[in-house]
Amino acid sequence: MPLVTVDGQQIEVEPGATIIQAADRLGVEIPRFCYHPDLRPEGNCRMCLVQVEGFARLVVACATPVTDGMVVSSPHTSAETAEAVQGVLEFLLINHPLDCPICDQAGECSLQDFYMHPDYGLHTSQVDVVEKVRKRKRIELGPRIVLDSERCVMCSRCVRFSADISGLAELQFIHRGNRVELIAFEDRALEDPYAGNLADLCPVGALTSRDFRFRRRVWHLAHTDSVCAGCSTGCNLRIDHAENRIERLVPRRNPAVNSSWICDEGRLSYLRANGPDRLSQPLLSGGEEVAWPDGIRHAQELLATDDASGTRPLLALASASATNESLLLFKHLVTRAFPHHRLDFRLSQETDLVGARQDHLLRRWDKHPNTMGAFYLGFSEQPGGLDDYLQAAEAGDCVALVLLYYPPLVGDELPPVAAALARLLELCPHSVVLTTHRLPYLKGASLSLPVAAWAEEEGTYTNYQGTVQHSAKATEPPGAAREATAVLADLLHTFTNHRPSTAPEVLFAELEHTVAAYRGLDYQHLPSRLASVYPPEGRMHYGEEGFSGR
Amino acid sequence: MRRLSDRALAEIETARREEDSARHALLTALRVVQEERRQVGPDEVVQIAALLSLSPATVEGVARFYDQISEEATGRQVLSLCRGISCQLCGADPLAREVLDNLGIEDGGRTQDGSLTVRLVECIGNCDQAPTGMLDTAFVGPLTSTVLSELLTRWRR
Amino acid sequence: MAKRDSQVVDVRARAEATRARVPQDVMGILSGQEVTLRQMIRQTVGRHHVTIQYPEQRKPYSRRFRGVHVLTQRQDGSLKCTACYLCETVCPAECITIEAKEVSAPGIEKGPARYEIDLSRCIFCGLCVEACPEEALIMSREYDLTARSRGPESLRYGIKELTERPEIAAYGSGFRPHMQYPLVESYLPLTARPAAAAQPPAKRSKRR
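From a predicted model like this one, the values you see are computed outputs, not experimental measurements. Starting afresh in each chain, residues are numbered from 1 along the sequence in its written order. The lettering of chains begins at A and the numbering of ligands begins at 1, in the order of writing. Only residues with pLDDT of at least 70 get local features here, since the model is predicted, and only at 80 or more are side-chain atom pairs given and counted; chain-wide, interface and lining totals rely on the full set of residues. With hydrogens and water excluded, all non-hydrogen atoms of the structure serve as input to the side-chain values.

(A) Local environment of the pattern of salt bridges. What counts as a salt bridge is simple: a side-chain nitrogen of Lys or Arg found within 4 Å of a carboxyl oxygen of Asp or Glu. Scanning the entire structure with this criterion turns up 60 salt bridges over all chains. Measuring nitrogen to oxygen at the nearest pair gives 3.0 Å for the salt bridge that ties Arg25(A) to Glu14(A). Taken as a pair, Arg25(A) in helix 1 (residues 19–26) and Glu14(A) in the loop between strand 2 (9–12) and helix 1 lie far apart in primary sequence, eleven residues in all. Think of it in three bands: with a 1.4 Å probe and only protein chains considered, a residue is buried below 20% of the maximum accessible area for its type, exposed above 50%, and partly exposed in between. Exposure remark for Glu14(A): the relative accessible area of 34% places this residue in the partly exposed category. One salt bridge connects Glu109(C) with Arg213(A), and the closest N-O pair in it is separated by 3.1 Å. Of this pair, Glu109(C) sits in the loop between strand 2 (96–102) and strand 3 (110–118) while Arg213(A) sits in the loop between strand 10 (207–209) and strand 11 (222–227), which puts the two residues in different chains. Assigned by exposure class, Glu109(C) and Arg213(A) land together as buried. Overlapping salt bridges bring together Asp99(A), Lys132(A), Arg134(A), Lys137(A), Arg138(A), Asp148(A), Glu150(A), Arg151(A), Arg213(A), Glu102(C) and Glu109(C) as one network. A helix here means a DSSP run of H or I that spans at least four residues, while a strand means a run of E at least two residues long, and both kinds are numbered starting from the N terminus.

Structural data, given as C-alpha cells:
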C-alpha cells in the first residue's frame, strides 16, 4: 500500500488513489474546481496543482496517482505552488463578473473562498480590464436551474454529470479560449430528473437553483443532517432552515446510499411538510377542535373495545412512513392494550409501479422511507393489510380502528389507497387517526390527532438495503402538533398505566435489542451520521447554527 | 426543418459504420454538412445528433469549436484574410479594413446577396506571400489594394 | 455575632463649627448667584446666548453625521439596492429586515421586495452604510425622529419612508463613506433633484 506525505503528514492509501484523495483524507485542503469524487477526473481547472519532490513540473493532484514514498507540497507549504495557483485564480477572475451582491452562491462559493485564502489568494489584479468578456446571463433551463454563463469557470462538472450520471448530455461548452460558454442546446429546458444536483455541483453561481433563488443568504441558514423520507432509498441530505422554515435540502455524500446526489422529487419533498393544510389541533369528526387532554380522553373512549370473543379485533394500521421509534411504540400500544388486534403496515400492492416510479439511479418505486423498518418490527406477520381490513369492515367486523398515517412526500397518495382509506373510515364507527395533514380521504375519522411530520421529529428509518439511518429534527411542528412518539406514549399511559420513555436513544436501544438485524448498531455512530456535503464550499464557516441567532 | 440530402445522409451513415465510435464520425458529419449547406445551424445539429445517437448539445459543442463550421450560413465563397504576425507587419490590417468597408460588412459577415463571406483568420502559413489570404481553398497573395479590388471586381461579375 | 462596640460621638463641636461658618456659607451662595446674575446681564443686554433656540435655530452637523438612513436611487428612479443582505448581516442591533425579489433590469436581476430598518432599535453606528457595496444606503443629516405608535406609522421605516423624503434636501446628506457620486444627488427622490444633475463618472476597474 503506497505511503504518501502531504505537507508533512503521512498516510497510506490504496493503489490507484490520487494525491487529492490522500490530501482530503488527511484534512489538507487543496483547492479545486473540477475535481469531484463521484465524477470522472479531468484535471482541466489547474487549481489543484501541487509540487511533488523529484518532479520537474507541478502536477494536478486530482489526476496523479500516488506512488510509494511520494512527498507532496500543497500551496500551503510551497511558495512556487502558491504562486501558480494564484495565477490560475487571477486568470479566472479577470472575466468573472462582479455579481456577488446578486449571486446566490455567495457564502458557499469556491471562487470567493479561494480568493480570500491567505496562502494563494488576495492578489491585486495586474490586468486592467477595459473590455471584459461578456456572456449571456439569467437563462432559465427549465423549472429547476438558472444558468449564468458569465460566471462559469468552465470546470465541466455539470457537463460530466449530465453526460455520465444522467446519461443525457444536455450541457456542453461551445467556442474556445476565454469565449468558452456553457450552453444547453437552444436553451432547452433540462429534462433531467436530477437537474437539481447541478446547482450543488457548480462551484460558483453559474448554475443555481430556481427554487431557492434569492430566498435567503446561506450564512443565515442553520444546518441539520438528516435523510430524505421521499422513498425507500433514504438519500442522505442536509436540511437548511431558518426561523423554523425549511428553505432547501442539499445532498450529503454517502457512497453506500446516494453518492453525492438526490433526485429532484426528494429535493423538493420539504414542500409538503411546509404545506398549508397541516393538522395543528386534535379534531373531532364534526370539525370541532379540542385540546390535547380531551383528545386523549376521546381516543380512550373510542378505542376501548369490549370484545372478549375476538371476532372484532382492533384494526391497527401504521404507514411505513413512520419512524422505527414511532412504529415501536405503536406496536406496544396495540399489542399491550388490546389483546385482540390486527397489526399491519401494508397499504396496497404497489409492486406493479416499479417501472413507473423507479430509475437506474436513486428513485425507487416504494415511496415509503421505512418499509423495511416496519417489516423488521413484525408488522406483517399475519396476512392482512388495508385491503383485508376493508373486507372485514364491509362485513361489519370493524368496531375500532387506529391509524398512524403520513401522506407521501413525493407525489400524492395512490387513488385506490386513498379511496380504500376513506371507505374504511366511513365504515368503521370508532376510528382514531394520527396524521400530519388535513386530508380529504381521512375526513371520516372520528378523531384526528396532529403529529409531527418528517424533519419535525427525531428518529430512524430503515432503507431498502436494510441500512438504519438517522433522521433529525430541524423545525418545530405547527400549532399543537406533537411528535408521534409523545402521542403514543400518552396513549400507552392511558391504556396501560405505564408511560414509556420517548427519548430517541432509549427507544433505539430497545430496537437494537429486539430486532436481530439491528444488533450491534450504535445510535450515535450510524453510518448516515458520518456523511457530509461535498463540495466543501463555505470554508468561512459561521458555525453550525448559522450566522444570526434569529 | 430542411432534411439533409440523401447523399449527405449516406456519407454520414458510412462514417458512422466505419468509425470506432459516433464521436469519431462527428467530424466527418460536420464537414459533409458544412460543405453541402454552408452552415451547421440548429436544424442541422438536430439531424446530425439523431443520426449519430448523440445529444444535440454534444454536436453543437464540437461544431462551435471550429471557425470553419459556421452557425450562420456562409456565402457561396469565403474570403479569409490572414491576420498573423507576418501579415500584420506587411500591412494586413488596413487592407482588411478597406475590404470590409467596401463591402459594408463586419468581420465574419456575409454580403447582402449571400455570395461572399469575409473573415479574418489566424496565420494560414503562407507568410512569404504576406499579406495573404485564401479565397475558398486557394491562396491569394501578396495582397494589395489593387489586387483585392481586382479580386472583388471579378467576383462581382 | 457580637454587636460592634458603639462609639459615642460628640457633635456639639461640629455644630459650633457649622454655625461659625454661616457667614462663609452665605457668601458662597451669593457668589454662585453672582455667576447667574452675570450671565443674565450678559445674555439680555450683551446679546450673548448660550442656549440654541431649537427648533427655530438648529445646530449644524458635520458632513459625516450619521442620521436617518436614505435608500438611494438611480437616474431612472429604481433603487440602487440589490438586496445583497450585507447591511442586515453586519448590523449589530439586528434591526434591518430584507426580502429579495427578481428585478427585470438585465445585469441587476435582484432588488428588495421589502427593506425595513427599525429605527427604534438602530444605534446609528453606520456599519450598514460602510458595508453596502452599491452606495444604495446612506445616512442623512436628519436627526429628529418621532412616531406616534409602535404599529403603523411607527419607527419601522420601509422602502417608502426611506426613499420618499423630499424634506431631506433641507438636511442634506450625511455619512456616505464611499462617495461614488459626489455631484449627483442620488439620495434625493427624483422629484426633489436639482434640474441639471451632473453625470456620474464612469466606473473604473481595479488598478494596482
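(B) Summary view of the confidence of the model for chain C. Per-chain confidence: chain C averages 83 in pLDDT, with 84% of residues scoring 70 or above. Note that pLDDT drops below 50 for residues 196–208 of chain C; the model gives that stretch 17 contacts with residues more than four away or on any other chain. By definition, pLDDT measures how confident the predictor is in each residue, and it falls between 0 and 100. For this analysis, residues touch if any pair of their heavy atoms sits within 4.5 Å.

(C) Representation of the packing of aromatic side chains within the structure. Pairing of aromatic rings covers Phe, Tyr and Trp, the last through its six-membered ring, and needs centres within 6.5 Å; plane angles under 30 degrees mean stacked, over 60 mean edge-to-face, and all others mean tilted. If you walk through the whole model with that rule in mind, you get 14 aromatic pairs over all chains. Consider the rings of Phe33(A) and Phe114(A), whose centres lie 5.3 Å apart with planes at 70 degrees: the pair is edge-to-face. In this pair, Phe33(A) sits in the loop between helix 1 and strand 3 (49–52) while Phe114(A) sits in helix 3 (residues 110–115), placing the two residues 81 residues apart along the sequence. You'll find Phe33(A) and Phe114(A) in the same group, each marked buried. Judged by centre distance (6.1 Å) and plane angle (45 degrees), the ring pair of Phe375(A) and Tyr376(A) falls under tilted. Look at Tyr376(A) and you get partly exposed, because its relative accessible area is 30%. Cluster of aromatic residues (ring-pair linked, three or more members): Tyr61(C), Phe65(C), Tyr143(C) and Tyr171(C). Only when the NZ of Lys or the CZ of Arg is both within 6 Å of the ring centre and within 35 degrees of the ring normal is a charge said to sit over the ring. The ring centre of Phe212(A) lies 4.7 Å from the NZ or CZ of Arg248(A), which sits over that ring. The lysine or arginine in question, Arg482(A), covers the ring of Trp292(A), its NZ or CZ lying 4.8 Å from the ring centre.

(D) Highlighting unusual backbone geometry. For the bond from Gly141(B) to Pro142(B), the omega torsion is -10 degrees, close enough to zero to count as cis. Within the element layout of this structure, Pro142(B) appears in the loop between strand 4 (138–140) and helix 7 (145–156). For the peptide bond that leads from Tyr54(C) to Pro55(C), omega is 0 degrees, which places it in the cis range. Relative to the elements of secondary structure, Pro55(C) occurs in the loop between helix 2 (22–44) and strand 1 (69–71). Notably, Glu109(C) is not glycine yet its phi reads approximately 60 degrees, a positive angle. Judged by its relative accessible area of 2%, Glu109(C) is buried.

(E) Region of the structure containing the sheet that holds strand 15 (residues 314–318) of chain A. Residue and element names in this part refer to chain A. By this definition, two strands are paired if DSSP reports at least two bridges between them. Spatially, the six strands line up as an open sheet ordered 14-19-18-17-15-16, and their pairing is mixed. Every interior strand has two partners, whereas the edge strands, strand 14 (283–284) and strand 16 (341–344), have only one. Bridge analysis of strand 18 (residues 430–435) against strand 19 (residues 447–450) gives four bridges, and the strand direction is parallel. Note that in strand 19 the partner of Thr 435 across the bridge is Pro 450. To obtain an axis, a line is fitted to C-alpha atoms, over the contacting stretch when the element is a helix, and the angle between two such axes runs from 0 to 180 degrees between their N-to-C directions. Those strands touched by helix 9 (residues 324–337) are strand 15, strand 16 and strand 17 (400–405), and its axis lies near 175 degrees from that of strand 15.

(F) Here's a closer look at the interface of chain C and chain A. Residue-level contacts link 26 residues of chain C with 20 residues of chain A. Each of two parts loses accessible area, computed with a 1.4 Å probe, when they are put together; buried area is these two losses added. Counting each side, the surface lost to burial between chain C and chain A is near 1,900 Å², with a carbon and sulfur contribution of 47%. Taken together, the links from chain C to chain A amount to four salt bridges. Between Arg138(A) and Glu102(C) there is a salt bridge, with the nearest N and O atoms lying 2.7 Å from each other. Between N or O atoms, a polar contact is any pair within 3.5 Å; within protein, one atom must be a potential hydrogen donor and the other a potential acceptor, and residues adjacent in sequence are included only when both atoms are from side chains. Taken together, chain C and chain A are joined by seven residue pairs in polar contact (both at pLDDT 80 or more).

(G) Spotlight on helix 8 (residues 292–303) of chain A. Residues and elements named next belong to chain A. By this rule, a helix spans an expected 1.5 Å times one less than how many residues it contains. Taking 1.5 Å per residue as the helical rise, helix 8 with its twelve residues ought to reach 16 Å, and the 16 Å between its terminal C-alpha atoms agrees with that figure. Where helix 8 is concerned, the buried positions are Trp 292, Gly 295, Ile 296, Ala 299, Leu 302 and Leu 303. Down the axis of helix 8, the smallest arc covering the buried residues is 125 degrees, so these residues share one side. Of the surrounding elements, those touching the buried residues of helix 8 are strand 15, strand 17, strand 18, strand 19 and helix 14 (484–496). Throughout, the arc means the angular range of directions from the helix axis out to the C-beta atoms.

(H) Summary view of the environment of Gln53(C). Residues and elements named next belong to chain C. By secondary structure assignment, the location of Gln 53 is in the loop between helix 2 and strand 1. With relative accessibility at 46%, the residue Gln 53 sits in the partly exposed group. Distance from Gln 53 to Arg 148, taken between C-alpha atoms, is 24 Å for residues 95 residues apart in sequence.

(I) Local environment of a nonpolar patch on the surface. What goes into a patch is any residue over 30% in relative accessible area without a salt bridge, connected to like charges within 9 Å or, for nonpolar side chains (Val, Leu, Ile, Met, Phe, Trp, Tyr), within 5 Å. Accessibility throughout is a Shrake-Rupley quantity obtained with a 1.4 Å probe, and a residue counts as covered only by protein chains that appear here. On the surface, Val22(C), Val26(C), Met27(C) and Leu30(C) cluster together into a nonpolar patch covering about 350 Å² of accessible area. With respect to the element layout, Leu30(C) can be found in helix 2.

(J) The interface of chain A and chain B, seen in detail. Listed per partner, the contact involves 13 residues of chain A and 13 residues of chain B. Together, the buried faces of chain A and chain B total about 1,000 Å²; carbon and sulfur atoms form 61% of this surface. Its largest share of buried area at the contact with chain B, chain A owes to Gln172(A), Arg176(A) and Phe185(A), together 52% of the area lost on that side. Joining chain A to chain B, the criterion identifies one salt bridge. A salt bridge links Arg176(A) to Asp67(B); the shortest N-O distance between them is 3.3 Å. Our count for the chain A to chain B interface comes out at three residue pairs in polar contact (both at pLDDT 80 or more). When residues are sorted by character, Ala, Val, Leu, Ile, Met, Phe, Trp, Tyr, Cys and Pro go into the nonpolar class, Asp, Glu, Lys and Arg into the charged class, and all the rest, Gly among them, into the polar class. Of the residues in the side of chain A that touches chain B, the class split is seven nonpolar, two polar and four charged.

(K) How the structure looks around the packing of helix 6 (residues 92–103) of chain B against helix 7 of chain B. Residues and elements named next belong to chain B. Packing of helix 6 against helix 7 brings their axes to within 10 Å, and their N-to-C directions diverge by 30 degrees. What the angle tells us is that helix 6 and helix 7 run roughly parallel. Here the hand of the crossing between helix 6 and helix 7 comes out right-handed. In this structure, helix 6 uses Leu 95, Glu 98, Val 99 and Leu 103 to contact helix 7, whose residues at the interface are Ser 145, Leu 148, Leu 152, Trp 155 and Arg 156. For the contact of helix 6 with helix 7, the per-class residue count stands at six nonpolar, one polar and two charged. Roughly parallel refers to an angle under 35 degrees, roughly antiparallel to one over 145, roughly perpendicular to one between 65 and 115, and oblique to any angle outside these ranges. Crossings are classed by handedness, with left-handed meaning an anticlockwise turn of the near helix from the far one by less than a right angle and right-handed meaning a clockwise turn.

(L) Quick look at the state of the cysteines. Residue and element names in this part refer to chain A. Cysteine sulfur atoms that come within 2.5 Å of each other are treated as a disulfide pair. Per the stated rule, a full pass over the model turns up one disulfide over all chains. Between the sulfur atoms of Cys 398 and its disulfide mate Cys 428 the distance is 2.4 Å. Its torsion about the S-S bond being -75 degrees, the disulfide of Cys 398 and Cys 428 is classed as left-handed. One end of the pair, Cys 398, is in the loop between helix 12 (386–394) and strand 17; the other, Cys 428, is in the loop between helix 13 (415–427) and strand 18, with 30 residues separating them in the sequence. Both residues of the pair, Cys 398 and Cys 428, count as buried. In this structure Cys 155 is not part of a disulfide, and its nearest cysteine sulfur, from Cys 202, lies 6.2 Å away.

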